[in-house]
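# Commentary on secondary and tertiary structure
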Amino acid sequence: MRWLLPFLLPFLALAQAPYRVEGEARYRGSYPLGSWEGRNPTPRGEVVWDGERASGRVCLEQRAWDSGNGERDKKALEILRAKEFPQACFYPQRARLEGGRFLLEGELEMAGLRRRVRVEGELLDQPSGYRFRGGFRTRFSDWNLERPRFLFLEVRDEVEVYLEAEVRR
């Protein structure tokens with residue numbers, strides 16, 4: 001059995017090598033008469049998977065949110081307190097395939113708070129690594145954030161967050 005160890009060591013090291021993550025985050029907010037979306041192309045970081053355990057950090061720059069409406073984006077940055085908390089970071093703790101779905105659990109740090117989130121999606125094999133597509137739902141109230149208003153209508157508390165990322169060694 002000892003003779004296998006030299007052959008297995010490179011594979012064990014590879015299993016724990018960090019993956020670079022680069023992607024895009026999008027959100028969708030809604031109010032009684034409609035919805036709008038914004039995007040952020042800045043998510044970057046590194047993650048490590050070891051069985052189901054995961055670690056690392058992926059952050060995005062809060063000031064980079066863009067809904068296509070400057071006034072709405074200016075208000076969003078105030079609500080997110082982006083000057084005080086310029087980044088939002090995800091710290092993965094578990095990653096696993098479950099019935100064809102890729103589940104990623106960890107903590108999201110945003111606006112001075114840290115909350116558990118569960119991201120569901122798909123992990124697609126690619127020649128250069130993987131492509132992840134997924135998302136989660138959160139609430140303004142989970143982060144003690146003021147809900148924006150559109151004219152006289154208050155935005156719904158729940159926000160959908162979509163993530164897409166290239167994951168490479």
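What you see is a predicted model, and the numbers here were worked out from it, not measured in a lab.

Conventions we followed
Residues numbered from 1 in each chain as written. Predicted model: local features only at pLDDT ≥ 70, side-chain atom pairs only at ≥ 80, totals over all residues. Heavy atoms only, no water. Disulfide = S-S within 2.5 Å. Helix = DSSP H or I, 4+ residues; strand = E, 2+ residues; numbered from the N terminus. Core = buried A, V, L, I, M, F, W, Y, C linked by side-chain atoms within 4.5 Å. Buried < 20%, exposed > 50% of the residue type's maximum accessible area, 1.4 Å probe, protein only. Contact = heavy atoms within 4.5 Å. Phe/Tyr/Trp six-rings, centres within 6.5 Å; stacked < 30°, edge-to-face > 60°. Pairing = 2+ DSSP bridges. Arc of directions from axis to C-beta. pLDDT = per-residue confidence, 0-100. Salt bridge = Lys/Arg side-chain N within 4 Å of Asp/Glu carboxyl O.

## Examining the state of the cysteines
- Using the criterion set out here, one finds one disulfide in the structure.
- Between the sulfur of Cys-59 and that of Cys-89 lies a disulfide, 2.0 Å long from S to S. Between Cys-59 and Cys-89 the sulfur-sulfur dihedral comes to about 110 degrees; the bridge is accordingly right-handed. Of this pair, Cys-59 sits in strand S4 (residues 53-61) while Cys-89 sits in strand S5 (residues 87-98), and the two are 30 residues apart along the sequence.

## Some thoughts on the nonpolar core
- Judged by nonpolar contacts, the single largest core of 36 residues is most densely connected at Trp-49, Leu-104, Met-110 and Leu-145.
- Looking at this core, the element that brings in the most residues is strand S1 (residues 19-31), giving five residues.
- Setting aside residues up to four positions removed in sequence, Met-110 forms contacts with Gln-62, Leu-80, Ala-88, Trp-143 and Leu-145.

## Notes on the packing of aromatic side chains
- If you walk through the whole model with that rule in mind, you get seven aromatic pairs.
- Taking the centre distance of 6.4 Å and the plane angle of 80 degrees together, the rings of Tyr-27 and Trp-36 count as edge-to-face. Taken as a pair, Tyr-27 and Trp-36 share a single burial class, namely buried.
- Judged by centre distance (5.3 Å) and plane angle (75 degrees), the ring pair of Tyr-27 and Trp-65 falls under edge-to-face.

## What to know about unusual backbone geometry
- Positive phi is not limited to glycine here, since Ala-111 has a value of about 55 degrees.
- Counting through the fold element by element, Ala-111 comes out in the loop between strand S6 (101-110) and strand S7 (113-126).
- Positioned with a positive phi, Asn-144 is a non-glycine residue whose angle comes to about 55 degrees.
- Tracing the chain through its elements places Asn-144 in the loop between strand S8 (129-139) and strand S9 (149-150).

## Quick word on the pairing of strand S2 (residues 34-40)
- For S1 and S2, the ladder comprises seven bridges, and the chain directions are antiparallel. Residue Gly-29 lies in a different strand from S2, and its bridge partner there is Trp-36.
- The turn joining S1 and S2, which pair antiparallel and follow one another in sequence, is formed by two residues.

## Comments concerning helix H2 (residues 70-80)
- All buried positions along H2 are accounted for by Asp-73, Ile-79 and Leu-80. For H2, the angular spread of buried residues about the axis comes to 120 degrees, placing them on one side. For H2, the exposed residues lying more than 90 degrees away from the buried face are Gly-70, Glu-71 and Lys-74.
- Two residues or fewer past H2, Arg-81 is found with a positive phi of approximately 55 degrees.

## Remarks on the confidence of the model for the chain
- When the pLDDT values of the chain are averaged, the result is 90; 91% of them are 70 or greater.
- Overall, residues 1-14 carries pLDDT values under 50, and its contacts beyond four positions in sequence, including any with other chains, amount to one contact.

## Notes on the pattern of salt bridges
- Per the counting criterion, the structure on display carries 24 salt bridges.
- For the salt bridge of Glu-37 with Arg-26, the shortest nitrogen-to-oxygen distance reads 4.0 Å. One end of the pair, Glu-37, is in strand S2; the other, Arg-26, is in strand S1, with 11 residues separating them in the sequence.
- By relative accessible area, which is 27% here, Arg-26 ends up partly exposed.
- The residue Glu-52 makes a salt bridge to Arg-94 at a minimum N-O spacing of 2.8 Å.

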